[in-house]
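Fold and contact review
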Amino acid sequence: MTDLPGPSPKKLGLVIDLDTCVGCHACAVHCKEWNSGGVAAPLTDIAPYGADPDGVWFNRVHSFESGRGAEGRTVHFPRSCHHCETPACVTVCPTGASYKRAEDGIVLVNEDLCIGCKLCSWACPYGAREYDYDSGVMKKCTLCIDRIYNEALVDEDRVPACVATCPVGARHFGDLGDPDSHVSRLVESRGGYAPMPELDYKPVNRYLPPRSRPAPSPAAALAPAPTDAEGILGWIDRLLSR
Amino acid sequence: MTEPATPQSRPIGDRMVQTTCYMCACRCGIKVHLADGRIRYIEGNRAHPVNHGVLCAKGSAGIMQHYSPARLASPLKRVGERGSGEFREIGWDEALATACEWLGAIRKSDPKRLAFFTGRDQSQALTSWWASQFGTPNYAAHGGFCSVNMAAAGMYTIGGSFWEFGEPDWERTKYFLLFGVAEDHESNPLKIGLGKLKARGAKVVSINPVRTGYSAIADEWLGIRPGTDGLLVMALAQELLRAGKIDADYLASYTNAPWLVIHNPGKPDDGLFALDEAGKTLIRDRATGRPAPLEPGAMPSLSGECVLADGRMAKPVFALLVARCCEAQYSVDNAAAATGIPAATIRRIASELASAAFDAPVIVEQPWIDVAGRRHERMVGRGVSMHAMRGISAHSNGFHTCRAIHLLQMLLGAIETPGSFRIRAPYPKPIPPGLKPAGLPGQVRPEQPLGGAPLGYPTGPEDLLIDADGSPCRIDKAYSWDAPLAAHGLFHMVIRNARNRDPYAIDTLLMFMANAAWNTSMNTTGTMKMLTDRDDASGEYRIPHIIYSDAYYSEMVAYADLILPDTTYLERWDCISLLDRPICDADSAADAIRQPVVAPDRDVRPFQDVLIDIGARLGLPGLVNPDGSPRYPGLYADYIVHHERAPGIGMLAGWRGARGEQSGRGEPNPQQLEAYSSHDCFSRMEIPAAGRFFKHINRDYQEWAVRMGFLDRVGPIALQLYSEPLQRFRLAAQSHGNMQPPPEHRERVAAYFDPLPLWYAPFEESADSSTEFPLHAITQRPMAMYHSWGSQNAWLRQIHGENRLYMHRETAQKLGLADDDWVHVSSRHGRITVQLRLMDGVNPRTVWTWNGIGKRRGAWNLAPDAEESRRGFIINHLIDDLLPPRGDGFRHANVDPVTGQAAWYDLRVKIEKVAVANETCEPQFPSLELPPDMPERPSILRYGAQFRAKAESEQ
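In short, a report on the structure. (Residues numbered from 1 in each chain as written. Chains lettered and ligands numbered in written order. Predicted model: local features only at pLDDT ≥ 70, side-chain atom pairs only at ≥ 80, totals over all residues.)

Focus: the overall build of chain B
Helix and strand counts for chain B come out as 27 helices and 37 strands. Relative to the globule expectation of 30 Å for 955 residues, the C-alpha radius of gyration of chain B, 28 Å, shows essentially globular dimensions. In chain B, which comprises 955 residues, the share counted as buried stands at 62%. By sequence separation, contacts in chain B at least 24 residues apart represent 68% of the contacts at least 6 residues apart. (Helix = DSSP H or I, 4+ residues; strand = E, 2+ residues; numbered from the N terminus. Rg over C-alpha atoms; globule rule 2.2 N^0.38 Å. Buried ≥ 20, exposed ≤ 12 C-beta atoms within 10 Å, placed from the backbone. Contact = placed C-beta atoms within 7 Å.)

A short note on the overall build of chain A
A tally of regular secondary structure across chain A gives seven helices and 11 strands. Computed over C-alpha atoms, the radius of gyration of chain A comes to 24 Å, more than 25% over the 18 Å expected from 2.2 N^0.38 for 242 residues, which places it beyond the range of a compact globule. Among the 242 residues that make up chain A, the fraction classed as buried is 48%. Contacts in chain A between residues at least 24 apart in sequence constitute 59% of all its contacts with a sequence separation of at least 6.

Examining helix H4 (residues 124-134) of chain B
All names here are of chain B. H4 sits mainly inside the fold: 11 of its 11 residues count as buried. Along H4, the positions that sit buried rather than exposed are Gln-124, Ala-125, Leu-126, Thr-127, Ser-128, Trp-129, Trp-130, Ala-131, Ser-132, Gln-133 and Phe-134. In this fold, the buried residues of H4 make contact with helix H3 (92-109), strand E6 (114-118), strand E7 (139-140), helix H17 (607-618) and helix H18 (635-642). Positive phi shows up at Gly-135, right after H4, with a value of about 110 degrees.

Side note on H3(B)
All names here are of chain B. Taking 1.5 Å per residue as the helical rise, H3 with its 18 residues ought to reach 26 Å, and the 26 Å between its terminal C-alpha atoms agrees with that figure. Among the residues of H3, those classed as buried are Ala-95, Ala-99, Trp-102, Leu-103, Ile-106 and Arg-107. On an axial view of H3, the arc spanned by its buried residues comes to 135 degrees, and they lie on one face. Exposed residues pointing more than 90 degrees away from the buried face of H3 are listed as Asp-93, Glu-101, Lys-108 and Ser-109. (Expected span 1.5 Å × (residues − 1). Arc of directions from axis to C-beta.)

Describing unusual backbone geometry
All names here are of chain B. With an omega of 5 degrees, the peptide bond running from Tyr-427 to Pro-428 counts as cis. When you line up the elements, Pro-428 lands in the loop between strand E22 (421-423) and helix H15 (494-500). The backbone of His-52 sits at a positive phi, close to 45 degrees, despite the residue not being glycine. Among the structural elements, His-52 can be located in the loop between strand E3 (38-44) and helix H1 (57-60). Non-glycine residue Ser-735 carries a positive phi angle of around 75 degrees. Judged by C-beta crowding, with 12 C-beta atoms within 10 Å, Ser-735 ranks as exposed.

Examining the sheet that holds strand E21 (residues 384-388) of chain B
Adjacent strands of a sheet form backbone hydrogen bonds with each other and so pair up, either parallel or antiparallel. All names here are of chain B. Spatial ordering of the open sheet is given by E11-E10-E9-E21, a layout of four strands whose pairing is parallel. Both edges of this open sheet fall to strand E11 (220-222) and E21, since each of them pairs with a single strand only. Each neighbouring strand pair of the sheet contributes to a mean axis angle of 15 degrees, computed without reference to strand direction. Relative to E11, strand E10 (residues 203-207) runs parallel, the two being bridged by three bridges. Paired with Ser-206 across the two strands is Trp-221, which belongs to E11. (Pairing = 2+ DSSP bridges. Axes fitted to C-alpha atoms, helices over the stretch in contact; angles between N-to-C directions.)

Side note on the interface of chain A and chain B
With 72 residues of chain A in contact, the opposing surface of chain B contributes 87 residues. A total of eight residues in the side of chain A that touches chain B trace back to one element, the largest contributor, which is helix H1 (residues 26-36) of chain A. Here the side of chain A that touches chain B is composed, by residue class, of 39 nonpolar, 18 polar and 15 charged. Of the strand pairs in this sheet, strand E2 (residues 45-46) of chain A and strand E37 (residues 940-941) of chain B are connected by two bridges, and their pairing is antiparallel. (Nonpolar A, V, L, I, M, F, W, Y, C, P; charged D, E, K, R; others polar.)

Encoded structure:
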C-alpha cells in the first residue's frame with residue numbers, strides 16, 4: 001500500500017459554483033480535449049461511433065432534480081477528482097502508482113507502476129477514477145498539471161482547462177491551503193462545502209451551494225393608480241415631464 | 001518514496017492558427033493549436049468580442065468534428081433510388097459539368113425553376129446575392145423554420161431583434177426576464193452574461209415550460225404552458241398600465257405612442273397614421289388639444305381624441321394601446337388560468353418589474369446629443385432587460401407574442417437605455433428596413449439577374465410577390481397572402497410545394513447544410529416521401545433534380561442526385577459579414593473571418609468556392625468580367641476581398657482602402673485577409689462613447705452609423721407600438737384597395753394583421769385537440785449539441801446519445817405511467833414510440849425531449865446499432881406541415897399567419913403505454929447505404945496518443 005506525504009501547506013484545488021453552473025458540459029469536453037493530448041493521453045474512447053460508446057473523462061457533469069414543488073430545483077453537478085488530503089485511492093494502491101504530490105497536494109497516477117488492478121477506483125467514493133481499458137492503466141484528473149506550471153503558456157492560461165473555458169465563470173482554481181487566496185475567500189463568503197465529509201478523506205475541492213432564494217412576498221402587487229372618468233388615460237398626460 | 005517527474009512545460013503544439021468557430025451559430029474566436037499538422041487543441045480567444053476566451057462543449061469538440069468518419073470524401077452521383085444512399089464517386093469535373101448543365105438550362109428558360117435554400121449557412125451575404133445574379137427569387141436560408149416571426153416582429157417594431165441582434169445591458173441590468181429556450185443561440189455570450197448577473201445578484205426570471213439549463217439557475221422559474229407567453233406579457237402590461245407604472249416620457253419621445261391614428265371605420269384610411277398636408281406625422285398637442293405636426297419641441301398628448309382639419313377623427317396610438325391591453329382577456333386572472341402561473345405571481349412580477357425600472361433609474365454619466373440637436377447631460381435608463389428565443393418563435397402566435405414583449409419593454413422604457421435591452425450594430429434600422437423583396441414576373445427573366453434582392457420587408461399589399469391572378473411568385477409562397485411578412489422565406493414549405501408543382505413546377509432544388517430529410521422539416525416521414533414521389537405519367541421524380549452540399553453524410557445526402565462535398569470549418573475561408581449576421585456587440589460593430597487551418601485530405605471543396613465557380617461557368621453577371629473570364633479566380637477568398645455591394649461597401653468592414661487605413665467604407669484592400677489574419681481574425685470598430693445608448697435618436701451614434709454604411713441618413717427612428725404596415729394588410733382584407741386576399745386567406749389576414757400586439761391561442765389548440773390530444777409536446781436543443789451535427793461527434797454523442805420523452809411525475813401518475821415505460825406518442829398527424837423519463841421541473845401539461853439527437857440508421861457513418869437510431873428519436877414525425885382542412889377543404893400551412901414561421905412548437909399529443917415494448921424507438925426506416933470512399937469507423941479512438949508519444953520521445 002502507498003504512503004501519503006506529510007500535509008502540504010499548499011492545497012491546489014477547484015471551487016465550483018453550483019449557483020451558476022448551467023450544466024453546459026463545456027468544462028467536461030474542454031478537459032477531455034486538453035488532456036487527450038496531454039501527460040495522461042490518450043483519453044481513449046471505446047466504440048466511439050458504435051453502440052454504447054464509452055470513453056475516459058476526467059470531469060463529468062451530472063444533472064438531477066432536488067426537492068419537489070416550490071422547493072424543487074434542477075442542479076448541475078460537475079464531478080472530478082477532489083485531490084483529497086487523505087485520499088483512499090492512494091493508500092489503497094498496492095504499487096505506489098497512485099500518489100499525492102508533497103508540493104501541492106495534487107493526486108496523480110504513475111502509469112509506469114500502475115497494474116490496472118482498479119483498487120483505487122473501488123476506494124474512491126467520488127467516482128473520480130477513470131480506467132483506460134485500452135492501455136490497462138488508471139487515469140484521472142491531473143488538475144492540468146501540464147497547464148498550471150507550464151512555462152510555455154502565458155500566466156492567464158496557467159489554470160486547469162475546465163476553469164479556463166467555463167462560460168458562466170462557475171469554476172475557480174487556486175490554493176485552498178492559503179486562507180487569503182481568492183478561492184478560500186469565495187468558500188468562506190459563500191459557505192463552500194466538501195462533499196461527503198463524514199468519510200474523512202478531506203476533499204480539497206469545494207462546491208459553492210446554490211444561493212438561497214428568499215421566498216418572494218406573495219402579497220406584493222401594484223396598487224392601481226387613482227382613476228377618473230377617463231380611466232388610465234385621464235392621468236397619463238400628467239406623467240409627462242414636459 | 002520519490003515522486004516521478006511529471007512533464008509540466010511542454011509547448012501545446014508547434015503552430016497556432018486563429019480562426020472562427022462553426023460548431024454552432026455563436027461564431028466565437030478560436031485558437032487552433034497544431035502538432036505535426038494534426039489538431040492538438042482548440043481554445044477560445046480571450047481577445048475576441050463574442051466569447052472573451054471561453055469555449056463551450058461544442059467548440060471544444062471541434063477536433064472530433066473535423067476528423068469525423070462521417071465526412072464526405074468526394075463528389076457523388078446517385079445510382080440507386082433516391083433515399084437509398086447508393087452513389088457513384090465522380091470527380092469535380094463531372095460534378096460541376098452536371099450542375100452547370102442543369103442550372104444553365106434553367107437559366108436560359110426560366111430562372112425561377114431553380115430553388116436554392118440553405119440551412120446553417122453563415123454565408124448568406126454570398127448565397128442570397130448569388131441567387132439574385134442567377135435570377136431566381138426562390139432563395140432563403142432556414143430562418144422561416146427557425147425564428148423569422150421573432151426577427152420580423154423586432155424589425156417591424158424596434159428596428160432590431162432578439163437573439164444575436166441585441167443584448168441585455170449585462171453590466172447594469174437589475175432584473176432579467178428570459179423567455180423560452182435560449183440555450184441554442186448566442187450561447188456563450190448569454191452564458192457569460194448570466195454569470196455576470198449571478199455574480200452581481202441581479203434577479204433572473206425564466207419563463208419556460210422546462211426547468212433545465214438557464215432555467216435551472218434562474219432565481220425564479222415560471223413553468224408556463226407552451227404558447228401562452230403572450231398572454232402573460234399582456235397581463236403584465238395591463239397591471240403596469242393600471243398602476244401607472246410606465247415610462248410616459250419614453251413612450252412620448254421614443255415610440256409612436258403619441259402619433260395620431262385615423263378613426264374612420266369602414267373607410268380605406270381607417271387605422272392609418274394621420275398626416276398633415278406636408279406629410280408630417282400628427283400628434284395631439286397637449287395644450288390646445290388640437291392636431292399638430294410632430295416636431296422637436298412638440299408637447300404631445302398620449303390620450304384623448306381630436307378632429308383633423310378635414311373633419312376626420314383621430315386618436316393617439318397610446319389610447320388605442322391602453323384599450324387593447326385593458327381587454328378582459330388580458331386580465332391577470334384570465335392569464336393565470338391559461339398560463340398556469342398563479343395570479344399572485346403575475347401581480348408580483350409586475351410589481352418587481354416596476355420596482356426595478358422606476359425605483360432607482362440606471363444612470364450613465366455621459367452627455368449625448370439627440371438627432372434634433374438637443375444636448376442631454378446624462379443617460380438615464382431602466383434596469384430591466386429581456387431576452388426571448390425558441391418557444392416564442394416556433395408558435396403560430398409568435399409574431400404577436402414577440403411584439404407584446406417589445407411592447408412591455410417600451411412601457412418600461414427598457415429598449416436602448418442604460419440597464420435595459422441594447423441593440424447591436426448594424427441595427428437599429430428604419431422600421432421596417434427599406435429593402436423590398438423582388439420576384440414579380442417582370443423581375444424574373446431568362447439569363448437576367450433578379451430585379452432586386454429575394455428577401456425584404458413589405459409594408460403593404462403592393463409589395464407582395466403575387467402575379468396578376470394573385471398566385472404566389474415564389475415556390476415557398478413567401479410574400480404571398482399565405483405569409484405576407486415572410487422576411488426569411490419558408491424553407492419548410494419548399495419540398496411540399498415543389499412536389500405538388502404548386503404554384504408551379506421547378507426543375508432543380510439546390511440545398512446547402514440543410515437536413516430537410518430529417519430534423520429540419522416538419523412532417524419528416526412525409527417529406528421523405530415527397531422527395532421520392534414520381535410522376536404518374538412519366539415515372540420521373542416530381543422534383544426532377546436535387547443538388548446538395550454538406551460536409552457530412554447527413555440524412556439529406558441520400559435524397560440528392562448530385563452531392564457537392566463541402567469542407568469542415570477548419571479547411572476554409574469564410575467571412576462573418578456585416579451584410580449578413582455579424583458579431584457586433586452593443587458598443588461596437590465587428591466582423592470576422594475563417595481561414596484555413598489545415599488543408600483538406602479528401603476530394604472536397606468549400607461550397608462557397610464551388611458556388612462562385614459554377615456562377616462563373618454559367619456567366620452570371622456579377623461573377624464574370626466583360627470578356628467572360630471569371631471575375632474571382634481566387635474564388636471565395638477573392639470575393640470576400642474584392643466584391644463590392646455598393647461603392648466602398650464590401651463583405652468585410654475592417655482594413656479597407658488601398659492601404660487598409662479605412663473602416664466601414666473604403667475601396668477593396670488586396671491585403672485585407674492578411675490584416676484580419678494578423679489581428680486574431682476579427683475587426684472591431686467601437687461606437688463613440690456618446691453614441692452607445694438611445695441609438696434610435698442618438699446623433700453621435702447615427703453619424704457613426706452613416707459613416708459605416710449602416711444608415712442612409714441621420715434622423716429619428718420611432719419605435720412602433722402600432723404597426724401601420726400590418727394595418728395596410730388588414731384594410732385589404734376588409735375589402736379596401738385593389739389588392740385583396742383571396743377568400744381562403746381573407747379572414748386570417750383580417751384577424752392577425754392587427755396593428756397592435758395581441759394574443760390568440762396557437763392554431764393546434766382547438767377544443768377538439770384539447771380533448772383528444774391533451775398534452776403539449778416541445779423540444780429543446782441541448783447546450784452540448786447543435787442541430788444534427790453533434791451526433792456524429794465521438795465526444796458529444798457520449799453526452800447525448802439517446803433521448804427520452806420527459807413528463808411531469810404527477811401527469812404520469814394520472815395516466816398510469818411509470819419511469820422508463822415505453823409509450824406511443826400520437827398527434828393528429830402521426831405516431832412515434834419512445835421511452836419515458838419522469839421529472840418535476842416541467843409544466844404538467846407538457847412533454848418534451850432533446851432536439852436532433854435521433855438519427856436515421858446508416859446515416860452519419862454511425863454503426864447500425866448506434867443509440868441514436870435505436871433509442872434516439874425526433875418528434876418531427878408528429879408535426880404536420882399543414883393545418884387540418886377547413887370546411888371548404890383548403891389547408892393552410894402550419895405556420896404563423898403573419899410571417900410563415902413554421903409552428904412546430906404548437907404540437908399537441910396523447911400518450912399511451914406500449915403493451916409489449918421492443919426497446920426500440922419507432923418509426924424506423926431502412927438503413928442507408930454508406931457512399932463509396934467513406935472511411936471505416938474506428939472501434940477504438942486513441943486520439944492524442946501521438947502527441948504524447950512524440951513529446952516523450954523528444955525528452
